[in-house]
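Each chain, letter by letter, is given below.
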Amino acid sequence: MGGEKRSKARSGAWRGCLLVLAVPVVVGVAHLVAPDGGSGAVGDVSASASAAAHERERRADDAVVADAPAGLAAPAKKELAERFLSSAENSTLDWRSAYGSIEDTGDGHGYTAGIIGFCTGTDDLLTLVERYTEAHPDNGLARYLPALRAVNGTDSHKGLDPGFPAAWRAEARVEAFRTAQEEERDRVYFGPAVRLAKLDGLGTLGQLIYYDAMVLHGPGVDADGFYGLRDEALRRAELPSDGGSRTAYLKAFLDVRREAIKRDAAGGDHGDTSRIDTALRRFLDRGNHDLHTPLVWRVYGERYRVEH
């Protein structure tokens, strides 16, 4: 089963991330419009004050993150995290073997490809190719951009078959594209997950749990997206940053994730919760918040062990 790409439970979730990014902009614009429909000094002052407040909050968060231990961002722990996700996504600890992987898993998201399972139906693969093409206009995937835009949000292969899979595999042999995949993974998934986990008062294990959730469920605000799942967990347990127990909160978050995976059991491996039951929850039950090695876990019935 090595190298098998696992299906993603990300239906509808990815577009929610765009809403998260857009909220500050929308709020700012609203303050610029006066009650009579025109712009006015009051609106300008209000918008300026709102922007200043957002900037102060961002700086305060930056300070919290900077003062926190490196956690999952430490090189050795990040490598461990990538190996863990690869065990669940590709049935191998060798995550670097997946740059060129591409297949339709039948999960409704079109082609799933690359080291983090970028999907043609969930925005992230399109964004990756667009950003890569800006820096490398003559790459072998650029000619598929019109088709990628057309199929985004669907499971269609229109305009992609038969050549896109071969083009992806060929481009994955280019070092710049491998780097682009890693940068997009960090920008969209790893960085936001680790940052929020630190702000929530979570240790290395909690950061891994957030990262795994961000990848599997997508960074969306709907009920089954990452932020929606976090909201539900907050209704069940208090954040460690607010004085709650790390263990109690993470148990609640894993419970919510498990329920979401079961709800999304539309096909493939969607109903399999082993990445929680026989992996992440096992680490939590043992109190291994710092992810001390060796680590042993099972995903989809396969056993994995990392010595260091």
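All values reported here derive from a predicted model rather than from experimental measurement.

(A) Highlighting helix α11 (residues 274–285). Turning to α11, its buried residues are Ser-274, Arg-275, Ile-276, Ala-279, Leu-280, Arg-281, Phe-283 and Leu-284. Residues of α11 that are buried in the fold lie against α3 (75–90), α8 (204–217), α10 (246–263) and β4 (295–299). Note on α11: the residue one or two positions beyond its end, Gly-287, has a positive phi of about 70 degrees.

(B) Quick peek at the packing of α8 against α10. Contact geometry for α8 and α10: axes closest at 11 Å, N-to-C directions at 20 degrees. Taken together, α8 and α10 sit at an angle that is classed as roughly parallel. In the crossing of α8 with α10, the sense of the turn from one axis to the other is left-handed. Contacts from Gly-206, Ile-209, Tyr-210, Asp-212, Ala-213, Leu-216 and His-217 of α8 reach α10 at Tyr-249, Leu-250, Phe-253, Leu-254, Arg-257, Ala-260 and Ile-261. A breakdown of the residues in the contact of α8 with α10 according to their chemical character gives ten nonpolar, two polar and two charged.

(C) Representation of the environment of Gly-201. Counting through the fold element by element, Gly-201 comes out in the loop between α7 (175–199) and α8. In this structure the C-alpha to C-alpha distance between Gly-201 and Gly-243, which are 42 residues apart in sequence, comes to 9.0 Å. Leave out the neighbours within four places in its chain, and Gly-201 touches Pro-240, Ser-241 and Arg-246.

(D) Representation of the pairing of strand β5 (residues 302–306) within the structure. Relative to β5, β4 is paired through five bridges, and the arrangement is antiparallel. When the sheet's bridge partners are listed, Trp-297 is paired in β5 with Tyr-304. Turn length for the β4-β5 hairpin, with the two strands adjacent in sequence and antiparallel, is two residues, and the turn residue Tyr-300 shows positive phi of about 55 degrees.

(E) A look at the environment of Val-129. As for its placement among the helices and strands, Val-129 is situated in helix α4 (residues 124–135). Separated by 16 residues in the primary sequence, Val-129 and Leu-145 have C-alpha atoms spaced 7.5 Å apart. Excluding its chain neighbours within four sequence positions, the residues that come into contact with Val-129 are Leu-141, Leu-145, Leu-148 and Trp-168.

How each quantity is defined
The residue numbering used here restarts from 1 in each chain and proceeds along that chain's sequence as written. Predicted model: local features are reported for residues with pLDDT of at least 70 only, side-chain atom pairs are reported and counted for 80 or more only, and whole-chain, interface and lining totals are derived from all residues. No hydrogens and no water enter the side-chain calculation; it runs on all heavy atoms of the structure. Residue burial is assigned from relative accessible area. The probe radius is 1.4 Å, only protein chains are included, and a residue is buried under 20% of its type maximum, exposed over 50%, and partly exposed in between. Only DSSP runs of H or I covering at least 4 residues are called helices, and only runs of E covering at least 2 are called strands; the numbering of each starts at the N terminus. In this analysis, two residues are considered to be in contact whenever any of their non-hydrogen atoms come within 4.5 Å of each other. Fitted lines through C-alpha atoms serve as axes, helices being fitted only where they are in contact, and the angles separating the N-to-C directions of these axes extend from 0 to 180 degrees. Should an angle fall under 35 degrees it is called roughly parallel, over 145 degrees roughly antiparallel, and 65 to 115 degrees roughly perpendicular, with every other angle called oblique. For a crossing to be left-handed, the near helix must be turned anticlockwise from the far one by less than a right angle; the clockwise case is right-handed. When residues are sorted by character, Ala, Val, Leu, Ile, Met, Phe, Trp, Tyr, Cys and Pro go into the nonpolar class, Asp, Glu, Lys and Arg into the charged class, and all the rest, Gly among them, into the polar class. When DSSP finds at least two bridges between two strands, those strands are taken to pair.

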